[in-house]
Amino acid sequence: MFCLGDLGGFGAECDAIWPLLDGVECIAGNYDVAIGRGDPDCGCGYSDERDNHYAQLIYDYTRAATSPAFAAWMRELPLERREMVGGVDVHMVHGSPLAINDFLWESLDEEELEMRVVASGADVLLCTHTGIPWQGNVAGTLVVNVGTVGRPANDGRTETWYAVLDLDLDAGEARAQLVPVTYEWRTQAASMRGAGLPEAFVETIETGWWTTCLEVVPPRERARGRFQLYRAAVPTKFGDDGIGWADIPALPNGGRPVVELFGTAAFRPRLWIYTNFHCNLACDYCVVASSPRARRRSIGLERFEQLVDEAVAEGFRELYVTGGEPFLEPDIVAMLEYASDRLPTVVLTNAMVFTGRRARELERLASRERLVVQTSLDGARPETHDAWRGAGSWRRAMDGVAVARRLGLRLRVAMTETPDNRTEVEELRVMLERVGVDAEDFAVRPLVRRGFAATEAAAIEVDDALLAPELTVTVDGVHWHPIGGDLRSSPDMLVAPGRPSLSLAKQLVVERFLALRQADGSMPESFRCAV
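Just so it is clear, the structure is predicted and the values come from calculations on it, not from any experiment.

> Help me understand the state of the cysteines, please; the structure alone is not making it clear to me.
The term disulfide refers to a covalent linkage connecting the sulfur atoms of a pair of cysteines. If you walk through the whole model with that rule in mind, you get 1 disulfide. The partner cysteine of Cys42 in its disulfide is Cys44, sulfur to sulfur 2.2 Å. The S-S bond linking Cys42 to Cys44 shows a torsion near -135°; that makes this disulfide left-handed. You'll find Cys42 and Cys44 in the same group, each marked buried. In this structure Cys26 is not part of a disulfide, and its nearest cysteine sulfur, from Cys3, lies 4.6 Å away.

Right, dumping it as structure tokens:
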């Protein structure tokens, strides 16, 4: 039995660890080196001030609660161990062969992983330090993070982890098994609480989720956990005009220093579904290049209902249904009935097809409390609107607005700002109030240089680094934002192809968000695609 260091660094009874190590071969972790020398900090390798704040709290307690005799014993521990067993070269370190406090994450790129393997030169490289167990073959070397029995692995399980190494002496090969340890975690939590340790540490023991020292964790590993950001790092608004009609979600007041990214203003619990991509119009600025000749890509009623059910289960609180023109879909009314029975639902439409059979079917949606119809008007008069959306479209859109009002449907209107209508914003606002659309249900959005407007000089450039994510589903896959819903126009906005679960899609968005944020430390802006 071997222990790869950091003895007593996440609990209340530090000296009680010592007798348990009788007969166990130990090497020193960065904690043990620091405690043995009486250093002022743990030397954990954190760079973020919030990580260091919590690391200091637990280190100060550990240093005070460790006896001089135990500290002296730690001082004598070797920094690594190497065993040749039946022709298998096994190298044991705490962090990595590069440094005692180096983080050997599974998500390191191939070059970084190989650098550490080359520095070892062993057949098997065993480490810990990160606290998240994993194993893999790197350039012919079996690398195993053996886990830790002193802290859960940020996996939502109260068990902790160790590894069993199986050496095939005849073949000179090695295999590893990662093993969960069930223990009396309630007693451990009570002990820590009784010692006055901060609740953030105790909560990790009780839930299996890390609530401290998160910034050091890479995007992939952090996205798998429940919490991704320190509370203080989450913006409370985007720009001066908010991010939409609905209020920005308030941060949960759980008393913990960290929050989930999903459900905040940085990743709103709003799901977009593209029912289709074909449209009766071919607007010059359409970001997803919808038109009568566009590939239909209809998602269908069965898949739509499945997504709505998943959205409810995954904690989405708003659903936006868009296209193409959704009301060209034969099952759109059934879709909207199903959705609005379960979630507040907004359907985006040009309101030009509310005639004949569609008008009669629309009556089934009359006065639904959780359904909103959002249409587009790009000017207070036909000339400015029709210049971008087609001759006669303004008049027909206004007729559609009248139909929706007559049925008691709640209406919202968005205006895409063009070089032709910039002076008409206030005029259009007043005109809409006359037909029953309140000022808070009217928004102006900029032209975006994508889709049919890819070469439009007046349009703005956007990408995933600039846009706060709003998870979007099409028949092609899941996308970062509804602006990027067309695979041909915006391949860079694809998060995952096919039909991943919304749970996995959320995780992938969080991972991408964190990677973009780590690149320069910035937060993305929100684009007001809907009010």
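> What is the right way to read the layout of surface pockets from this model?
Over the atoms, a rolled probe matching the size of one water molecule traces out where space is still vacant. The computed volume of the second largest pocket comes to approximately 270 Å³. For the second largest pocket, the lining is made up of 13 residues, of which Ala223, Gly225, Gln228, Glu260 and Lys506 are closest to its centre. Contributions of two or more residues to the lining of the second largest pocket are made by helix H8 (219-224) and helix H15 (502-520). The element that contributes the greatest number of residues to the lining of the second largest pocket is H15, accounting for 4 residues. For the lining of the second largest pocket, a count of residues per class yields 4 nonpolar, 4 polar and 5 charged.

> What am I meant to see in the packing of aromatic side chains here?
Applying the stated rule across the entire model yields 15 aromatic pairs. Relative to Phe201, the ring of Phe10 has its centre 5.6 Å away and its plane inclined at 80°; by these criteria the two rings are edge-to-face. Linking Phe10 in the loop between strand E1 (2-3) and helix H1 (17-20) with Phe201 in helix H7 (residues 199-207), this pair joins segments that are 191 residues apart in sequence. Here Phe10 and Phe201 have matching classes, each one buried. Feature note: the residues Phe10, Tyr54, Phe201 and Tyr230 constitute an aromatic cluster, connected by ring pairs. Looking at Arg151, its charged tip hangs above the ring of Trp210, at a distance of 4.0 Å from the centre. Taking the ring centre of Phe262 as reference, the NZ or CZ of Lys506 above it sits at 4.1 Å.

Reading the values: the criteria
Residues numbered from 1 in each chain as written. Predicted model: local features only at pLDDT ≥ 70, side-chain atom pairs only at ≥ 80, totals over all residues. Heavy atoms only, no water. Disulfide = S-S within 2.5 Å. Buried < 20%, exposed > 50% of the residue type's maximum accessible area, 1.4 Å probe, protein only. 1 Å grid on protein atoms, 1.4 Å probe; cavity = no way out; pocket = protein on both sides within 12 Å on 5 of 7 lines; lining within 4 Å. Points joined across faces, edges and corners; volume = space filled by probe spheres on them. Helix = DSSP H or I, 4+ residues; strand = E, 2+ residues; numbered from the N terminus. Nonpolar A, V, L, I, M, F, W, Y, C, P; charged D, E, K, R; others polar. Phe/Tyr/Trp six-rings, centres within 6.5 Å; stacked < 30°, edge-to-face > 60°. Lys NZ or Arg CZ within 6 Å of the ring centre and 35° of its normal.

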